[in-house]
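# Architecture and fold: a report
Chain residues, written in single-letter form:
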Amino acid sequence: MSEEGKFDRRMLEALVCPLTQSPLSYDAEAQELVSKPAKLAFPIRGGIPIMLVNEARRLDD
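If you're wondering where the values come from, they're calculated on a predicted model, not measured in any experiment.

### With respect to the environment of A38
Mapped onto the elements, A38 comes out in the loop between β2 (32-35) and β3 (40-45). Counting along the chain gives 21 residues from A38 to C17, while the straight-line C-alpha distance between them is 7.8 Å. Non-local contacts of A38, meaning those with residues more than four positions away in its chain, are made with C17, L19, T20 and R58.

Here's what the structure looks like:
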């Protein structure tokens, strides 16, 4: 992946789940930010996290 498309992990400290306000974990392989309480994975596109619930992927139980 190019430098331009990389996610800055320091942003993770400032971001929380828009539904639960809980901390997020970073899945580098899937390029997603994961909210375990909400069971959602928010995509990262071009290094930018898309924190919209309607863009998130539902996680399996």
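The discussion continues.
### Some thoughts on the pattern of salt bridges
On inspection of all chains with the given rule, the structure shows two salt bridges. One salt bridge in this structure joins E55 and R45, with 2.9 Å as the shortest N-O distance. Of this pair, E55 sits in the loop between β4 (48-49) and β5 (57-58) while R45 sits in strand β3, and the two are ten residues apart along the sequence. Taking the relative accessible area as the measure of exposure, E55 reaches 33% and is therefore partly exposed.

### Quick look at the side chain of S22
Mapped onto the secondary structure, S22 falls in the segment before β1 (25-27). Within the local environment of S22, its side chain forms a polar contact with the side chain of T20, the two groups lying 2.6 Å apart. Residues in contact with S22, not counting those within four places in the same chain, are V16, C17, S35 and P37.

The rules behind the values
- Counting of residues starts from 1 at the beginning of each chain's written sequence and follows it residue by residue.
- Only residues with pLDDT of at least 70 are given local features in this predicted model, and only at 80 or more are side-chain atom pairs given and counted; all residues enter the totals for whole chains, interfaces and linings.
- Side-chain descriptors were evaluated using all non-hydrogen atoms of the structure, hydrogens and water having been removed beforehand.
- Secondary structure is summarised from DSSP: a helix means a run of H or I of at least four residues, a strand means a run of E of at least two, and numbering begins at the N terminus for each.
- Here a residue-residue contact requires only that any non-hydrogen atoms of the pair lie within 4.5 Å.
- Salt-bridge detection follows one rule: a side-chain nitrogen of Lys or Arg within 4 Å of a carboxyl oxygen of Asp or Glu.
- Here the term buried applies to any residue with accessible area under 20% of the maximum for its type, exposed to any over 50%, and partly exposed to those in between, with areas from a 1.4 Å probe on protein chains only.
- Pairing of N or O atoms within 3.5 Å defines a polar contact, subject to two protein rules: one partner must be a possible hydrogen donor and the other a possible acceptor, and residues neighboring in sequence count only if both atoms are side-chain atoms.

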